[in-house]
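Structural characterization, general
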Amino acid sequence: MIEHKKLRNGFEYIEVENSSAKAKIALQGAHIFEYVKKDEESFLWLSEISDFEHGKSIRGGIPICWPWFGMNSNKSLPQHGFARVFMWEFMDGYEIDENSTSITMKLTHNEETLKMWQHKFELELHVVVSDKLIVELKTTNIDDKEFEITQALHTYFAVSHISHVNIKGLNKKPYLDALTWKKELQKGDITFNEEVDRVYQEVDKQVLLLDKSRTISIENEGSSSVVVWNPWIDKCKRMSAMKDNDYKNMLCIESANAFDDARVIKPNEVHTLKSTYNCLL
Ligand code: TA6
């Protein structure tokens, strides 16, 4: 089943359901805000007080940060780019088989994007909803000059409690600490007892998120950087659309092309950032 739905305020999304899973993808930002496997709890976190309003990014799910990750050097431009708050076009949706559904959405440059970023582009999101969630973000340069992008699939994961989790796969990797702007080296697994905001570099394909009773595998292609973020107590209180204690039950692991992993895309070239999320119980 693929249905085009609207909330009462007109906020549009695509709902997908097959025999393996169910998902909801907003047209604003091509934002996956729900993905649940049959008979399992969702591993995507969504804030109970998130906005579903035009011009505001949904807090949770998978925001798309593009064409820049973090702050732009021009501070008047929005953090994490504009793709997450623009309306995308629903291009195609079909059932691959009874267990998997394919959805494609597209954003192309327009008068508004050209005011913020002077490049002509096509950005496509391909999603496969099945017993795994596969997300592919494809950037095509349709301009006559090259451009550089940084980007991320800013995925929010639901966790039983932040003190129960650890992240494997980043041991001995260098990272940029976005709280101090120092370069550090990861020692062992990542655990949480304070605010964490780091851009890991030179990463391997797979990162594992281990929680009390489940493990999520995140496999990345077209990327050698991964961002790990938990706002902890003070920042959580200052975050929009988050409740004070939300930091206890979420964290972000973001497949990225950030900082040293920025990508230059020449005219007619395509760069694809791909993540496969798989819950291994
Ligand atoms: O990816 C981590 C981060 O850049 C944090 O610094 C934090 O502010 C977060 O993203 C959320 O950003 P947002 O613009 O969605 O409020």
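Below you will find a few notes about this structure. Model, not experiment: these values are computed from the prediction. (Residues numbered from 1 in each chain as written. Predicted model: local features only at pLDDT ≥ 70, side-chain atom pairs only at ≥ 80, totals over all residues. Heavy atoms only, no water.)

A few points about the nonpolar core
This is how it is decided: Buried Ala, Val, Leu, Ile, Met, Phe, Trp, Tyr and Cys residues form a nonpolar core when they are joined through side-chain atoms within 4.5 Å. Buried means the residue's accessible area, taken with a 1.4 Å probe over protein chains only, is under 20% of the maximum for its type, while exposed means over 50%, and partly exposed covers the values in between. Strands are runs of DSSP state E lasting at least 2 residues, helices are runs of H or I lasting at least 4, and numbering of each runs from the N terminus. Residues count as neighbours in contact if any of their non-hydrogen atoms are within 4.5 Å of one another.
Within the largest apolar cluster, 70 residues are counted, with the highest numbers of intra-cluster contacts made by W66, W88, I167 and F192. Here this core gets 5 residues from one element, more than from any other, and that element is strand β8 (residues 121–129). Residues within four places of W66 in sequence aside, it is in contact with H80, G81, F82, A83, W117, F121, L123, L137, T139, I149, T150 and Q151. Within the second largest apolar cluster, 8 residues are counted, among which are C65, F69, A152 and L176.

Regarding the site of the ligand
Using the following cut-off: A single heavy atom is enough: if one lies within 4 Å of a molecule or strand, its residue is considered near that molecule or strand. What qualifies as a polar contact is a pair of N or O atoms within 3.5 Å, subject to a donor-acceptor requirement within protein and to the restriction that residues adjacent in sequence count only when both atoms come from side chains. The method behind every accessible area is Shrake-Rupley, applied with a 1.4 Å probe, and residues are considered shielded solely by the protein chains displayed. Within this scheme a cavity is a closed region of a 1 Å grid, computed over the protein atoms alone, that accommodates a 1.4 Å probe without allowing it to escape, whereas a pocket is open but has protein on both sides within 12 Å along at least five of seven lines; lining residues each have an atom within 4 Å of a point. The way we define it, a molecule is inside a pocket or cavity when more than half of its atoms are within 2 Å of that pocket's grid points. Just so you know the grouping, Ala, Val, Leu, Ile, Met, Phe, Trp, Tyr, Cys and Pro go in nonpolar, Asp, Glu, Lys and Arg go in charged, and all remaining residues, Gly too, go in polar.
In the vicinity of the ligand, the contacting residues are R59, F69, Q79, H80, R84, H154, D197, V227, W229, K235, M239 and E254. Residue R59 places a side-chain N or O atom 3.0 Å away from an oxygen atom belonging to the ligand. Between an oxygen atom of the ligand and a side-chain N or O atom of H154, the distance comes to 2.9 Å. Compared with its free state, where it exposes 400 Å², the ligand has 85% of that area covered by protein. Put simply, the ligand lies in the largest pocket. A class-by-class count of the residues in the shell around the ligand yields 4 nonpolar, 3 polar and 5 charged.

What to know about the environment of D189
As for its position among the elements, D189 is in the loop between β15 (182–185) and β16 (196–201). Taking the relative accessible area as the measure of exposure, D189 reaches 30% and is therefore partly exposed. For D189 and N166, which are 23 residues apart along the polypeptide, the C-alpha to C-alpha distance reads 6.2 Å. Not counting chain neighbours up to four residues away, the residues in contact with D189 comprise N166, I167 and K168. One polar contact links D189 to K168, side chain to side chain, over a distance of 2.7 Å.

Section: the sheet that holds strand β9 (residues 133–141)
The following threshold applies: Two strands make a pair as long as DSSP finds a minimum of two bridges between them. Comment: axis = line fitted to C-alpha atoms, over the contacting stretch for helices; angle = value between 0 and 180 degrees taken between N-to-C directions.
Pairing is antiparallel in the open sheet, where 8 strands are placed in the order β6-β7-β8-β9-β22-β18-β17-β13. Every interior strand has two partners, whereas the edge strands, β6 (89–97) and β13 (166–168), have only one. Taking each pair of neighbouring strands and ignoring which way they run, the sheet shows an average axis angle of 15 degrees. As defined by bridge partners, strand β17 (residues 206–210) adjoins strand β18 (residues 215–221) across 5 bridges and the pair is classed as antiparallel. In the strand pairing of β18, L209 is matched with I216.

Observations regarding the packing of aromatic side chains
Here is the rule we go by: Pairing of aromatic side chains here covers Phe, Tyr and the six-membered ring of Trp, requires ring centres within 6.5 Å, and sorts the geometry by plane angle: under 30 degrees stacked, over 60 edge-to-face, intermediate tilted.
A complete count under the given rule lists 19 aromatic pairs for this structure. Pairing F43 with F157 gives two aromatic rings, centres 6.1 Å apart and planes at 20 degrees, and the pair type is stacked. On the criterion of sequence distance, the pair formed by F43 in the loop between β4 (31–37) and β5 (64–65) and F157 in strand β12 (residues 156–158) is long-range, its members being 114 residues apart. In this structure, F43 and F157 share a single accessibility class: buried. For the pair W66 and F82, a centre-to-centre distance of 6.1 Å together with 85 degrees between the ring planes defines the contact as edge-to-face. Note that W66 is positioned in the loop between β5 and β6 and F82 in the loop between β5 and β6, a separation of 16 residues in sequence. Taken as a pair, W66 and F82 share a single burial class, namely buried. An aromatic cluster of three or more residues is present, and its members are W66, W68, F82, F86, W117, F121 and F147.

A few points about the side chain of D246
Under the convention used in this document: Charged residues are defined here as Lys and Arg on the positive side and Asp and Glu on the negative side; His and the ends of the chain fall outside this count. One side-chain nitrogen of Lys or Arg within 4 Å of one carboxyl oxygen of Asp or Glu is enough to make a salt bridge.
Checked against the element boundaries, D246 lands in the loop between α2 (232–238) and β20 (250–257). Buried charge without a salt bridge: D246, with K243 as the nearest opposite-charge side chain at an N-O distance of 5.1 Å. In this structure, D246 is in contact with W45, S47 and C236, ignoring residues within four places of it in sequence.

Quick look at the sheet that holds strand β2 (residues 12–17)
The strand order across the open sheet formed by 4 strands is β1-β2-β3-β4, and the pairing between neighbours is antiparallel. A single partner strand is all that each edge strand has here, and the edge strands are β1 (2–6) and β4. When the angles between neighbouring strand axes are averaged without regard to direction, this sheet yields 15 degrees. Here β1 runs beside β2; their pairing, made up of 5 bridges, is antiparallel. Along β2, the bridge assignment pairs E3 with E15.

Considerations on unusual backbone geometry
Residues W66 and P67 are joined by a peptide bond in cis, for which omega reads 5 degrees. Structurally, P67 can be placed in the loop between β5 and β6. Despite not being glycine, H80 has its phi angle at roughly 65 degrees, a positive value. Tracing the chain through its elements places H80 in the loop between β5 and β6. Accessibility expressed as a relative area gives 8% for H80, which makes it buried.

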